[in-house]
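# Summary of the model geometry
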Amino acid sequence: MDQEKSHSCCCVLDASTYVGFWILKKLLSRGYSVHAAIRKNGDSEIEETIREMEASEERLVVYDVDVLDYQSILVSLKTCNAVFCCLDSPEGYDLWHALAKMLSEKAAWALAMDRRLNMVSINPGLIVGPSVAQYNPRPTMSYLKGAAQMYENGVLAYVDVKFLADVHIRAYEDVSACGRYFCFNQIVNTEEEALKLVESLSPLIPMPPRYESVMQGSEVYEERLRNNKLSKLVEAGSAC
């Protein structure tokens, strides 16, 4: 194990979110100690899994936090070198999910600049991965509200949650990382790719009846997204 990582502690807030959980797992697998800060929002399968992991993983400590209670967050951050913020919008605010994310990021940038903290923002496309329909339904459906228009405009992109978690950690480890990164590893620009995406998100979105037995399509839209900045970060991490 890397000696420096064995003494490095990171906080994941909220670790019981879909992305937070995968970042937690990646950090542990790479030798970091982790404070799993879990928002007081009721029991969940991911939360139960994390608490079971705590019993057998000495580098994992779980904290219950209230995001409106500054002191409870400070307790979870004690001895940590970094915090990975993965908060979801509250129940009942699906229509405002994107706006809430934008405003919270703006507030975070203002605080980081005021307090001279190093901050990096990872802005993913649609997140896919193991059991995403089960563990991440509300953010997924919020993102998909504009999927048809994004598809026609050539900007419907998605990212595997394992790749996304790895990017977060690389951004922390790379001292040259800065600013905002748009994170995706696939752009959907053909009918066939769109239908495969629908199939991977079942049962959140049903497969169109006429494609249930075969998925074929020839319509192609021009890709209009680039993630050159992210590619440099990923390449730099691979070279280390």
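Residues numbered from 1 in each chain as written. Predicted model: local features only at pLDDT ≥ 70, side-chain atom pairs only at ≥ 80, totals over all residues. Heavy atoms only, no water.

All right, on to the overall build of the chain then. Within the chain, the secondary structure is distributed over eleven helices and nine strands. Out of the 240 residues belonging to the chain, those deemed buried represent 42%. Here the analysis covers contacts within the chain between residues at least 6 apart in sequence; of these, 77% occur between residues at least 24 apart. Counting only carbon and sulfur atoms, one obtains 53% of the accessible surface of the chain, whose full area is about 13900 Å². (Helix = DSSP H or I, 4+ residues; strand = E, 2+ residues; numbered from the N terminus. Buried < 20%, exposed > 50% of the residue type's maximum accessible area, 1.4 Å probe, protein only. Contact = heavy atoms within 4.5 Å. Areas by Shrake-Rupley, 256 points an atom, 1.4 Å probe, with all protein chains shown as cover.)

Moving on to the environment of proline 130. With respect to the secondary-structure elements, proline 130 resides in the loop between strand S6 (126-128) and helix H6 (132-135). Measuring from C-alpha to C-alpha, the distance between proline 130 and serine 200 comes to 9.5 Å, with 70 residues separating the pair along the chain. If near-sequence neighbours (up to four positions away) are discounted, proline 130 is found in contact with Tyr18, Trp22, Val161 and Lys162.

A word on the packing of aromatic side chains. By convention here, two paired aromatic rings are described through the distance between centres and the angle between planes. Inspection of the entire model under this criterion finds three aromatic pairs. On the basis of an interplanar angle of 55° and a centroid distance of 5.9 Å, the ring pair of tyrosine 32 and tyrosine 172 is categorised as tilted. With tyrosine 32 in the loop between helix H2 (18-29) and strand S2 (33-39) and tyrosine 172 in helix H9 (residues 161-173), the pair connects residues that are 140 residues apart, well separated along the chain. Consider the rings of phenylalanine 84 and tyrosine 172, whose centres lie 6.0 Å apart with planes at 80°: the pair is edge-to-face. Of the two residues, phenylalanine 84 is situated in strand S4 (residues 82-85) and tyrosine 172 in helix H9; the sequence distance between them amounts to 88 residues. Here a set of aromatic residues connected by ring pairs shows up, and it is made of Tyr32, Phe84 and Tyr172. Against the face of tryptophan 22 rests lysine 25, its NZ or CZ located 4.4 Å from the ring centre. (Phe/Tyr/Trp six-rings, centres within 6.5 Å; stacked < 30°, edge-to-face > 60°. Lys NZ or Arg CZ within 6 Å of the ring centre and 35° of its normal.)

It is worth spelling out the nonpolar core at this point. Val12, Ile23, Leu24, Leu27, Ile50 and Leu60 are the most contacted members of the largest nonpolar core, which totals 50 residues. Take this core: its biggest share by element is eight residues, from H2. Excluding residues that lie within four positions of it along the chain, isoleucine 50 makes contacts with Ala15, Ser16, Phe21, Leu24, Ala36, Ile38, Leu60 and Val62. (Core = buried A, V, L, I, M, F, W, Y, C linked by side-chain atoms within 4.5 Å.)

Glancing now at the sheet that holds S6. On the basis of which strands lie adjacent, the open sheet formed by three strands has the order S6-S7-S9 and mixed pairing. The strands lining the two open edges of the sheet, one partner per strand, are S6 and strand S9 (186-187). In this structure, S6 lies alongside strand S7 (residues 157-160), joined through three bridges in parallel fashion. By the bridge assignment, valine 128 is partnered in S7 with aspartate 160. (Pairing = 2+ DSSP bridges.)

Turning to the pairing of strand S1 (residues 9-13), a few remarks are in order. Counting buried residues in S1 gives five out of five residues, a clear majority hidden from the surface. The pairing of S1 with S2 spans five bridges and is parallel. Note on S2: the bridge partner recorded for cysteine 9 is serine 33. Note on the crossover from S1 through H2 to S2: the handedness is right-handed. Pairing of S1 with S4, which is carried by four bridges, proceeds in the parallel orientation. Across the sheet, residue cysteine 11 finds its bridge partner in S4, namely valine 83. (Right-handed = clockwise from strand over helix to strand, strands pointing away.)

Turning next to unusual backbone geometry. For the bond from leucine 13 to aspartate 14, the omega torsion is 0°, close enough to zero to count as cis. Here aspartate 14 is to be found in the loop between S1 and H2. Despite not being glycine, arginine 116 has its phi angle at roughly 55°, a positive value. Mapped onto the secondary structure, arginine 116 falls in the loop between helix H5 (97-114) and strand S5 (120-124). Phi is positive for serine 131, which is not a glycine, with a value near 55°. With respect to the helices, strands and loops of the structure, serine 131 is situated in the loop between S6 and H6.

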